[in-house]
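These are the residues of each chain, in order.
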Number of protein chains: 2
Amino acid sequence: MHGGDLLAESCESTGSIACVGLDPRPELIPDEIVRSAAAQSDDPRQQVAIAFETFMVSIVRAVAGHCAAVKPQAACYEAYGSVGWQVLERIVAEARRLGVPVILDAKRSDIGSTAVHYRQGLLTSSPPLVGSEQLPGLGVDWLTANPYLGADSVEPLIGVPEEGKGVFVLVRTSNPGAQDFQDQVVGDGSLLKVVAAKVHEWGQGRRGASGFSDVGAVVGATWPSEAAELRAMLPDTLFLVPGFGAQGASASQAVAGCTDQGTGIIVNSSRAILGAWQSETDRIDPVDAARTALDEMNEQLCAALP
Amino acid sequence: MHGGDLLAESCESTGSIACVGLDPRPELIPDEIVRSAAAQSDDPRQQVAIAFETFMVSIVRAVAGHCAAVKPQAACYEAYGSVGWQVLERIVAEARRLGVPVILDAKRSDIGSTAVHYRQGLLTSSPPLVGSEQLPGLGVDWLTANPYLGADSVEPLIGVPEEGKGVFVLVRTSNPGAQDFQDQVVGDGSLLKVVAAKVHEWGQGRRGASGFSDVGAVVGATWPSEAAELRAMLPDTLFLVPGFGAQGASASQAVAGCTDQGTGIIVNSSRAILGAWQSETDRIDPVDAARTALDEMNEQLCAALP
């Protein structure tokens, strides 16, 4: 299926525009899972792998069907090298088995011939040795990408629409420092508007049946007025919206970039869902707490949509 | 040792400002290594791992002592997921064993709390589970980073000088598309000058005994006039210079950003060294061919330096 349609249809079939961030930071892992992992292995790196896989797989199963997508944060896995990557592979496989679209938040970028390797390994098929067979890649559906290197670094990541993949290009990130470069005044606008115009250009001729293209934009929930301006520039572009919840943005801020029909946005929350168990004073099952936090997020977002 | 001093001293002790790019693209792997890998495993992914490790370890051993550093390209390994990361870990370990400084070309970037994970996993120590012991990370010496997200995304990668690490921030990349955003007119300069000014700011108070700081800049060899301008702005900054050789820049272009003393630059070549065996009409040992190509590169760079 076309990459834009995949996410648009997932929003419709689940009735949710939420994305669950799968960021297994050590401090978010419930104590009982940490203890169980320690009982299963003496190797601290394997303990991390067991704990991360146990918690993240439980989360994926609990949220499947109740969110538009899941979004593993590559850094949280890559922090443990090949062992972390094995965990990522298992979690992506579980999400795919359950039919949950996967957005890998890796913010990759490189010059053209190298960017091809990122697309192949993460979205499609790993480059084979000469004379050898194709190898399946990680197989996520969408990837986040950093535009600083220019069009010839982003275009190889985008590939052809027939492969059913998509790329969210960073336009306006959710962090306070986003202003440092993205707000630099260029002409009568700003750098982020220049990047947005390129995102529009890259998406031309790539719209699916949903009306959305497979070239999306990252637009932080913490910048609602920019989000509204960007929507006016990018009517056919899916927005991945980080910054809701733990990063401080409200539901009404998070939906500021939606279309007039209340579509076109996927709002991510990571810490507020995975760490929901930490804010409960009574003992509660951490996976139940995550699911309850997701349900509340869905309600808040629904209420905030036009 | 201070990160800046590590590279400056390596240039001095080896008499080389060359960096050997360890980019194991399938088409660069010699036929006999491909055949040998196929004989050792039926699994095409393991074949890739065996072939990459065999060739890259041989290259590292051949170039150790004759180049300032080696630079694995993360994408070439990540294209094979956890198996590729295992290979990367082994190659980094071999370079460290031989005392060759390692620059990981990963162009990472993320918001602060996530950028910390990249620093930990790639440069220092992986974040442990609560109550568990520290885990060694990949342990490279320098990392490349993309600045688009702003200061609060780069600063967590930089960390403290005492850890003996360094970060090369992308300022002017070597690809033709570098102009798309980096050349946008900002004030009376351009975006890349704004980024360069931040690199200067981030490096303040971080100079080692060599006079260079541990916050470097990527400045493509394909843009020599920009390199000279950037050197005037950044007298204490090490430049990582990609684009020499296969990407088309000459030795005199590659050294355009050096200081008046002919220092402060590390010039990378990947394909022209790893694939040197392909341009020989006679049968030649691919590792010998790589070493010869490195020697020639060293001669060309030395001759071009002031």
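Conventions adopted
Counting of residues starts from 1 at the beginning of each chain's written sequence and follows it residue by residue. As they are written, the chains are lettered A onward and the ligands numbered 1 onward, keeping that order. Given that the model is predicted, a residue must reach a pLDDT of at least 70 before its local features are reported, and side-chain atom pairs must reach 80 or more before they are shown or counted; all residues, however, enter totals for whole chains, interfaces and linings. Each side-chain value is worked out from all heavy atoms of the structure, with water and hydrogens disregarded. A helix here means a DSSP run of H or I that spans at least four residues, while a strand means a run of E at least two residues long, and both kinds are numbered starting from the N terminus. The globule rule used here is 2.2 Å times the number of residues to the 0.38 power, and the radius of gyration it is set against is calculated over C-alpha atoms. Only protein chains enter the area calculation, which uses a 1.4 Å probe; residues under 20% of their type maximum are buried, those over 50% are exposed, and those in between are partly exposed. The term polar contact refers here to a pair of N or O atoms within 3.5 Å; inside protein, the definition further demands a hydrogen-donor-capable atom paired with an acceptor-capable atom, and it admits residues adjacent in sequence only when both atoms are side-chain atoms. The criterion for an aromatic pair is that two Phe, Tyr or Trp rings (for Trp, the six-membered ring) have centres within 6.5 Å, with stacked assigned to planes under 30 degrees apart, edge-to-face to planes over 60 apart and tilted to the rest. The contact criterion used throughout is that any non-hydrogen atoms of two residues lie within 4.5 Å. Each of two parts loses accessible area, computed with a 1.4 Å probe, when they are put together; buried area is these two losses added. In what follows, salt bridge is the name for a side-chain nitrogen of Lys or Arg lying within 4 Å of a carboxyl oxygen of Asp or Glu. Residues are grouped as follows: Ala, Val, Leu, Ile, Met, Phe, Trp, Tyr, Cys and Pro are nonpolar; Asp, Glu, Lys and Arg are charged; all remaining types, including Gly, are polar. Each residue gets a pLDDT score, which is the predictor's confidence in that residue and runs from 0 to 100. Lines fitted to C-alpha atoms define the axes here, with helix axes fitted over just the stretch in contact, and angles between the N-to-C directions of these axes take values from 0 to 180 degrees. Note on angle classes: values under 35 degrees are labelled roughly parallel, values over 145 roughly antiparallel, values of 65 to 115 roughly perpendicular, and the remainder oblique. The hand of a helix crossing depends on one turn: near helix anticlockwise from the far one by less than a right angle means left-handed, and clockwise means right-handed. At least two DSSP bridges between two strands are needed for those strands to be called paired. We superpose the copies by least squares over the C-alpha atoms of residues that have a pLDDT of at least 70 in both of them.

1. Here we look at the overall build of chain A
Consideration 1: Assigned secondary structure in chain A consists of 13 helices and 12 strands.
Consideration 2: The C-alpha atoms of chain A give a radius of gyration of 19 Å, which matches the 19 Å a tight globule of 306 residues would have.
Consideration 3: The principal-axis extent of the C-alpha atoms belonging to chain A is close to 60 × 55 × 35 Å.
Consideration 4: The burial tally for chain A puts 63% of its 306 residues in the buried class.

2. Comments concerning the environment of Thr14(B)
All names here are of chain B.
Consideration 1: Relative to the helices and strands, threonine 14 resides in helix H1 (residues 3-14).
Consideration 2: Spatially, the C-alpha atom of threonine 14 lies 5.5 Å from that of histidine 66, the residues being 52 residues apart in sequence.
Consideration 3: Among the polar contacts made by the side chain of threonine 14, one reaches the main-chain carbonyl oxygen of serine 10 at a distance of 2.7 Å.

3. Description of the packing of aromatic side chains
Each aromatic ring pair is summarised here by two numbers: the centre-to-centre distance and the angle between the ring planes.
All names here are of chain A.
Consideration 1: One pass over the structure, following the stated rule, counts 5 aromatic pairs over all chains.
Consideration 2: Both rings, one in phenylalanine 52 and one in tyrosine 80, keep their centres 5.3 Å apart while their planes meet at 85 degrees; by these two values the pair is edge-to-face. A residue pair is termed long-range when its members are at least 10 positions apart, and phenylalanine 52 in helix H3 (residues 44-63) and tyrosine 80 in the loop between helix H4 (74-78) and helix H5 (81-97) qualify at 28 residues. The same class applies to phenylalanine 52 as to tyrosine 80, namely buried.

4. Quick look at the interface of chain A and chain B
The figure often quoted for interface size is the accessible area lost as the parts come together.
Consideration 1: Taken together, the contact pairs 73 residues of chain A with 73 residues of chain B.
Consideration 2: When the buried surface of chain A facing chain B is broken down by residue, Leu129(A), Tyr148(A) and Phe181(A) rank first, second and third, together holding 15% of it.
Consideration 3: For the pair chain A and chain B, the number of links is 4 salt bridges.
Consideration 4: For the salt bridge of Lys107(A) with Asp110(B), the shortest nitrogen-to-oxygen distance reads 3.0 Å.
Consideration 5: At the boundary of chain A and chain B, one finds 39 residue pairs in polar contact (both at pLDDT 80 or more).
Consideration 6: Class assignment for the residues of the side of chain A that touches chain B results in 39 nonpolar, 22 polar and 12 charged.

5. Describing unusual backbone geometry
Glycine aside, negative phi is the norm for most residues, and most peptide bonds take the trans geometry.
Residues and elements named next belong to chain A.
Consideration 1: The phi dihedral of lysine 107 is positive, around 50 degrees, even though this residue is not glycine.
Consideration 2: With respect to the helices and strands, lysine 107 occurs in strand E3 (residues 103-108).
Consideration 3: Judged by relative accessible area, lysine 107 falls into the buried class, the value being 7%.

6. Things to note about the pattern of salt bridges
Consideration 1: Applying the stated rule across the entire model yields 36 salt bridges over all chains.
Consideration 2: Among the salt bridges present, the one from Glu78(B) reaches Arg108(B), with a minimum N-O distance of 2.8 Å. Of this pair, Glu78(B) sits in helix H4 (residues 74-78) while Arg108(B) sits in strand E3 (residues 103-108), and the two are 30 residues apart along the sequence.
Consideration 3: Taking relative accessible area as the criterion, Glu78(B) reaches 1% and is therefore assigned buried.
Consideration 4: Three or more residues are tied together by salt bridges with common partners; here these are Lys71(A), Asp105(A), Lys107(A) and Asp110(B).

7. Some words on the confidence of the model for chain A
Consideration 1: Confidence in the prediction for chain A averages 96 pLDDT; 100% of positions are at 70 or higher.
Consideration 2: Overall fold confidence (pTM) sits at 0.98, and the ipTM for the predicted complex is 0.97.

8. Brief notes about the packing of helix H2 (residues 31-40) of chain B against helix H3 (residues 44-63) of chain B
All names here are of chain B.
Consideration 1: With their axes 8 Å apart at the nearest point, H2 and H3 run at an angle of 135 degrees to one another. The angle between H2 and H3 falls in the class oblique. In this structure, H2 crosses over H3, and the sense of that crossing is right-handed. When H2 is examined against H3, the residues Ile33, Ala37, Ala38 and Gln40 are found in contact with a partner set consisting of Gln47, Ile50, Ala51, Thr54 and Phe55.
Consideration 2: The residue inventory of the contact of H2 with H3, partitioned by class, reads 6 nonpolar, 3 polar and no charged.

9. Concerning the sheet that holds strand E12 (residues 265-269) of chain A
All names here are of chain A.
Consideration 1: One open sheet accounts for 8 strands, arranged E2-E1-E12-E11-E10-E7-E6-E3; its pairing is parallel. If you trace the sheet from one side to the other, it starts and ends with strand E2 (69-72) and E3, each paired once. Put simply, the sheet's adjacent strands are angled 30 degrees from each other on average, direction ignored.
Consideration 2: Here E3 pairs with strand E6 (residues 142-145) via 3 bridges, running parallel. Each bridged residue has a counterpart across the sheet, and for arginine 108 the counterpart in E6 is alanine 145.
Consideration 3: In the packing of helix H7 (residues 151-158) onto the sheet, contacts are made with E3, E6, strand E7 (166-172) and strand E10 (215-219), and the angle to E7 comes to roughly 145 degrees.

10. Let's talk about the side chain of Asn146(B)
Consideration 1: In this fold, Asn146(B) is placed in the loop between strand E6 (142-145) and helix H7 (151-158).
Consideration 2: Since its relative accessible area comes to 1%, Asn146(B) is described here as buried.
Consideration 3: Here Ser109(A) takes part through its side chain, which lies 3.1 Å from a polar atom of the side chain of Asn146(B).
Consideration 4: Of the polar contacts made by the side chain of Asn146(B), one reaches the side chain of Asn146(A); its length is 3.0 Å.
Consideration 5: With near-sequence residues (within four places) excluded, Asn146(B) lies in contact with Ser109(A), Asn146(A), Tyr148(A), Leu149(A), Lys107(B), Arg108(B), Ser109(B) and Leu170(B).

11. Describing the relation of the copies chain A and chain B
Consideration 1: Least-squares fitting of chain A to chain B yields an RMSD of 0.0 Å, with the superposition described by an axial translation of 0.0 Å and a rotation of 180 degrees. In symmetry terms, the pair is related by a two-fold rotation axis. Among all residues of chain A, the one whose C-alpha sits closest to the rotation axis is Ser82(A), at a distance of 2.3 Å.
Consideration 2: When the interface residues of chain A are mapped onto chain B, 100% of them are again interface residues, pointing to one common binding face.

12. Here we look at the environment of Asn146(A)
Consideration 1: Separated by 36 residues in the primary sequence, Asn146(A) and Asp110(A) have C-alpha atoms spaced 8.8 Å apart.
Consideration 2: Within polar-contact distance, the side chain of Asn146(A) engages the backbone nitrogen of Tyr148(A) at 3.1 Å.

13. Description of the sheet that holds strand E7 (residues 166-172) of chain B
The pairing of strands in a sheet comes from backbone hydrogen bonds and takes either a parallel or an antiparallel form.
Residues and elements named next belong to chain B.
Consideration 1: Read from one edge of the open sheet, 8 strands run E2-E1-E12-E11-E10-E7-E6-E3, paired in parallel fashion. In the strand order of this sheet, the two ends are held by strand E2 (69-72) and E3, each with one partner. The average undirected angle you get between the axes of adjacent strands in this sheet is 30 degrees.
Consideration 2: Note: strand E1 (residues 18-22) against strand E12 (residues 265-269), 3 bridges, orientation parallel. Bridging from a neighbouring strand, cysteine 19 pairs with asparagine 268 of E12.

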